[in-house]
Structure formats: structure tokens, C-alpha cells
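# Architecture at a glance
As a plain string of letters, each chain reads:
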Amino acid sequence: MERYFIKCKKIDSYFENLEEEMLGKELKNINSYESEIKDIQKNISITKNNISKIESLIVKYNNDLSSLLEIYAPDSLKIESAVNIFKKYKNQQINNSNVIALYNDINYISDTFLEINKNMESLADFENYKNAIETYTKSFVWLKNNLKYINPDLEYVSPAYKTLVETIKSVKTTLNTLNSLTLNLKTNLEKLENYQNTLNQLNTRLGTTQEKYNKLYSKNKSTLENFKKLKKYGEFAIIKSIAQIPISNYYESEYFSDILSSKLFEFYKPSKKDLNIFTLRKNIEEANDKFLKSKASFEKIISEINPNLEKLENNSYDYLKINYGGYTADIVPVMKISSIYNSQYGPAKANLSRASRIVSDLADSIKYKTLKSDLRNIDKNIYDLLDNWNPKQRKPFLRWLLNSIIVAGLTSILTVMITAVAAYPFSRMRFVGRKEGLLYLMLIQMFPAIMYMVALYGMLKFMGDYFGFIGLDTLSGLIFVYLGGVSFNMWLIKGYYDTIPDSLEESAMIDGATRFQTFWLIVLPLASPILAVVTILSFMGTFNEFVLARIVLSSEQNFTYAVGLQTFTSGPFETEWGLFTAAALLGAVPMVLLFLSMQKYLVGGLTQGSVKG
């Protein structure tokens, strides 16, 4: 085998030499550019790291300096006022012993403030404090030069002298810190500027080098990519030779799988499914280990839940008696069971889900029929176990369906009644504003109901506050909102009324019938097809409507079918697609029954032959 490895290495070396012969100087340039790009990228990384560190220091110094300057700024006005008094009452040389004793402190403070003031000239973020520092500097420089002229015994000078002494005491303790902060901040800002300039230069250099490299590489791209594969021929030959060695046990198959999934030969990447057969033992052992851990967790959960279940069963009558009559009390065993489930079920489920995933992947990839069937059965049993332990959503679906039937039924009936009566005058009578009224009805219908939902919401809230039975979160309030769609149906019915001959009504009126009798006994029966259409359209539109119902209704017991369906897709645990599709199918039953019951009325041409001609 060692000789084989040496031979493979010679093959790789041969292709490397052949590449150098074919590309010559251009290959050297490419390698040189690659090396230079790596060095530049390394330097860029180091520079960015240094910039990041300095920026962190600058933020720290900025915060500390801001806090300290907040203390210094107010006292600058005091010392400036004191110095102004000293200037005003400056006399001949006094050489007061108390004042001269302050000379060393004032000299030190003066020199230090000169340094601080110089440092702060380059600190753009502290413009608000520069005037204060400059005031300190000018004040203490004047004091340094004129200290011998100050007479603290004068009545007007004495308060200023006390201010000076207090300021010196307060400044001395933190002045070194202030000087250090300004100096460090100035130094680090200069370093940051240098590093940023260096980074800009490196980026420019990287762009230039990268452009040269890309240009040269594009020119020889196909040759370079082919040689890149050829130079790995030795590694591929090694894998091929290993693949030809017979596998006699699981350990050898796992070793072979590790070689295939390694980066020994980067141009060959077997799929995970192809490797599953070689790691079958390891995967099954892992699945078994996860299952056993999960089993132990479930047994622990059961052992802790059982005593609470016994307490609940033994005292169930007492718990019901306590909670009877509207008074509610916490049931301790139920609370404990819920706490145990919520805290321990998650880890147990995680291990079992991992075991299920491993078994499922093996069943998909393995081609042996018997083993595949066994694995699928195991996966099915694990799924059933998890399904039995998973929390179930209990929703009042039949109540939702009944709510939708009530709302859609009443809305369609009221819509038909209102529109049938309202459309008759527009079809049979001529009055002022008839054309404009029809036009306004059409214009109103062009705007969707959601546009005036804010106004409807306000109306429902107002009516709910005063009447109660028709307001927000009520089915009657929702019906009130849905009745806004009568305009379109009025146009439909009016158009159908126009097709019914006037002579039928005229004949009845000659025989003594009133206008209402002709409408009720002649027009409405003949208009039954359009009334059926309006009924079906109104029922279907309101039965499946979601947006308005979701806005108006808030309590689960008042939800309609469409709003209730949405809760299956956003539950507290996971999306229940099975329940969702089953509920959607059941929801179609009322509409199908309505259509079947009214299809006999959907027959046109009932007026044909009604009048002898």
C-alpha cells in the first residue's frame, strides 16, 4: 500500500510539473497574486481587529470623559467670577501668606489645564465643554501670574477667595484623571485615523491585485480548473483502491464511510443516503440510545403523574362541588400534572423525535425490502407514540359552524327581503332622483367594505355601549355589517324585474288587484330565479368571509367558521393541517345543501308564454 501511495504522489507531481510547463510565467504570477492577496487579507483582518479594539477604548474614554466634564463645567463659571473680582480689586503687591501658600497648587493646576486644553483641541465630540476648560485655563494662568496681588482680607474679595480654595480642593482630586483621559483619547483617535488610512490603502491594494489576478485567471480558467482536478488524481486513486477492498464487518464499513465523507478528494461528494448503508449499525445504535433515554423520561413522567391522577379521581366529586355555582378554585393535582408535563415532556420528545428522524432517513435510503418495511413500522410506532402524548387542540367547531349558518342565513334572508322590495320602485316607477339613486348605489358598491371598517367599528362600539345586543363581538353586530352589500344585489334584482312584462301586472290591476298584491303574487314568484341567486351569493359570501368577522368578533365562542379555521393554523403547539383540511371540508356541507335545495328555482324563462300574443 505504501508503494501505491508513493506512485499516487508521483502522479500528482507529474501533473503539477506539466501545469508549470504549459502555463509558465503566468502560473507563477497567478501563485504570486494568490499569495499577495492572502497576505493583504491577513493584514486587513489584523487592521480591522485593531480598529475594533481602539473603537472600544474610545467609547470607554468618551463615556468617562463626558461624566467627568459634567462635574467640571458648572464650577468653571464660579472660578471665572472669582478671577473677575480679583482683577477688579487688584492692588499693589500684598504677598499674603495664605494666598502664597496656594502657589504650588495653582501652578500645578495651571500647567495641567494648559495640557488638557491642548489635548481637547482635537476632540470634536466635546465642543460643549471646550469653553469650560478654556475658562479654567485662562483663570488659573492669571492666578499663577497675579497671586501676589490678591488680598483676601478685603470684604468683596473674601467670598471670591473662598470660592478659589474650594475649587482647588475639588479640582485637585480628579485633575490627573482628566488629563490622562484627554491624552489617551487624543492618542487613540490619532491611532484610529492611522489605522483607517492603512485600511484604505490595503483595500485599494487588494482591489488592484484582485483585478490583476482575476484578469489572468479568467484567461487560463479552463486550464487551471482541469489541472486542479488532475492534481487530485492521486487522492481519487487512493479512494478507488480502498473501495475495491472487501468489507467484512460493520467497523470497516464505518471506516470506509468516514473516508468517503472526508475532504480527501474534494471533487467527489457522495450523498448522505448513499452512506447510510455503511453506517447502519452506528445509526441504529444512536436511534436505540435516544429511544431508551426517551423511554426513561416518559416512565419518570408517568411515575410522577400517577399519584396526582389518583388524588384527582378520589376527590373529583369534592372538586366539582367546590367549583359548582360559578365559584372557581384551583385544582392542585391538575396544576401539578400540567407542571410536570410542561417541564419534562420537551426533552423526552426531543430524544424520541431524533430517533424517529434517524429511522425515517434509513427507511428512505435503504433498498432492502424487509429491512425497509421494519424500519417504516418502527417509525410509524414512534409517530403514534408521539401523537398520543402531544397536546390536542379542542375547538368548538360545531358552534362555529352554527354561528356561520345563523349569520349567513339571516344575512341572506334580510338581504333578499330588503333588495326585493327596494328594487321594485326603481324598476316599475318613475320618480325624481331615480337615475341618480341607481348611480349612487353603483358608486357605493365600487368601494370595498374594509375601507369604511373604522366607521363601522365605531358605530358597533357605540351601539354596543347603549343597546348591548347589537355591538362588537356579537353575531347581530356582524349581520349589521354584512347588510352593507345590498347595493349590488339591488342592481341584479332590478335588472331581472325589467325582464318581466308590465302587462301581467296591468291585467291583474284591471281585475282589481292592488300594487302590493301584483308585487307579492305575480312579480316575486316570477323573480324566484334571481332571488335564489341572490340568496346563494349572499350566503356563500358571508359564510366564507374572514376579514370583517375577524375584526368584529373577539371571543372564541362567537367565532364564525372562517375565523375558527384560522386558529388551526396558528395554534400554541403546531399547525394542525389535518384538522384544518377536515374542518374546511365539513364547512362546505351547508353551502352544498343550500345549492341543492334551491336548484329547482334556478331555471330561467319562466315568463315565456305567460302572455298570449
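Quick caveat, the model's predicted, so the values are computed rather than measured.

### Quick notes on the pattern of salt bridges
All chains considered together, the criterion is met by 17 salt bridges. Where lysine 293 meets aspartate 289, a salt bridge forms, and the shortest distance between an N and an O atom there is 3.6 Å. A residue pair is termed a helical-turn pair when its members lie 3 or 4 positions apart in one helix, as lysine 293 and aspartate 289 do in helix 12 (residues 280-314) at four residues. For the salt bridge of lysine 494 with aspartate 498, the shortest nitrogen-to-oxygen distance reads 3.0 Å. Among the charged side chains, a network of salt bridges with common partners joins Arg428, Asp502, Glu505 and Arg515.

### So, the packing of aromatic side chains
What the rule picks out here adds up to 19 aromatic pairs. Ring centres 6.3 Å apart and planes at 10 degrees place the aromatic pair tyrosine 345 and tryptophan 389 in the stacked group. Of this pair, tyrosine 345 sits in helix 14 (residues 332-365) while tryptophan 389 sits in helix 15 (residues 369-389); the two residues are 44 residues apart in sequence, bridging distant segments of the chain. For the pair tyrosine 345 and tryptophan 389, one class covers both residues: buried. In textbook terms, an aromatic cluster arises when at least three aromatic residues are bridged by ring pairs, as seen for Tyr424, Tyr497, Phe516, Phe519 and Trp520.

### Digging into the layout of surface pockets
In this model, the largest pocket occupies a volume close to 460 Å³. Lining the largest pocket are 23 residues; nearest its centre among them are Gln445, Ala449, Tyr482, Gly484 and Gly485. Of all the secondary structure elements, the ones that give two or more residues to the lining of the largest pocket are helix 16 (397-428), helix 17 (434-445), helix 19 (475-482), helix 20 (486-497), helix 23 (528-543) and helix 24 (547-552). It is helix 23 that provides the largest number of residues to the lining of the largest pocket, a total of four residues.

### A closer look at the nonpolar core
Formed by 51 residues in total, the largest nonpolar core has its most connected members in Phe86, Phe113, Phe140, Leu143, Leu164 and Leu178. For this core, the secondary-structure elements that each account for two or more residues are helix 2 (25-88), helix 4 (103-120), helix 5 (127-146), helix 6 (158-172) and helix 7 (175-219). Tallying contributions element by element places helix 2 first for this core, with 17 residues. Non-local contacts of leucine 178, meaning those with residues more than four positions away in its chain, are made with Leu65, Leu68, Leu69, Tyr72, Phe113, Ile116 and Ile133.

### Comments concerning empty space enclosed by the protein
Gaps left between atoms show up when a probe the size of a water molecule is rolled over them. Going through the model one piece at a time under the given rule, you end up with one cavity of 30 Å³ or more. In this structure, the largest cavity encloses a volume near 30 Å³. Every element with two or more residues in the lining of the largest cavity is listed here: helix 16, helix 19 and helix 23. In terms of residues, the lining of the largest cavity owes the most to one element, helix 16, which gives three residues. Residues belonging to the lining of the largest cavity are distributed by class as follows: five nonpolar, three polar and one charged.

Rules behind the numbers
- Within any chain, residue numbers begin from 1 and follow the written order of that chain's sequence.
- Where totals are concerned, whole chains, interfaces and linings use all residues; where local detail is concerned, this predicted model gives features only for residues with pLDDT of at least 70, and gives and counts side-chain atom pairs only at 80 or more.
- In computing side-chain properties, one takes all heavy atoms of the structure into account and sets aside hydrogens as well as water.
- Every case where a carboxyl oxygen of Asp or Glu lies within 4 Å of a side-chain nitrogen of Lys or Arg is listed as a salt bridge.
- In DSSP terms, a helix is any run of H or I states spanning at least four residues, a strand is any run of E spanning at least two, and both are numbered starting from the N terminus.
- Only centres within 6.5 Å qualify two rings of Phe, Tyr or Trp (six-membered ring in Trp) as a pair; their planes then separate them into stacked at under 30 degrees, edge-to-face at over 60, and tilted for everything else.
- Each residue is placed in one exposure class: buried if its accessible area under a 1.4 Å probe, protein chains only, is under 20% of its type's maximum, exposed if it is over 50%, and partly exposed if it falls in between.
- Method remark: on a 1 Å grid restricted to protein atoms, a set of points is classed as a cavity if a 1.4 Å probe fits but cannot get out and as a pocket if it is open with protein on both sides within 12 Å along at least five of seven lines; lining residues have an atom within 4 Å of a point.
- Grid points are joined across faces, edges and corners, and a volume is the space filled by probe spheres set on the points.
- Buried Ala, Val, Leu, Ile, Met, Phe, Trp, Tyr and Cys residues that are joined via side-chain atoms within 4.5 Å together make up what is termed a nonpolar core.
- Any two residues whose heavy atoms approach within 4.5 Å at even a single point are treated as in contact.
- Residue classes follow a fixed rule: Ala, Val, Leu, Ile, Met, Phe, Trp, Tyr, Cys and Pro count as nonpolar, while Asp, Glu, Lys and Arg count as charged, and any other residue, Gly among them, counts as polar.

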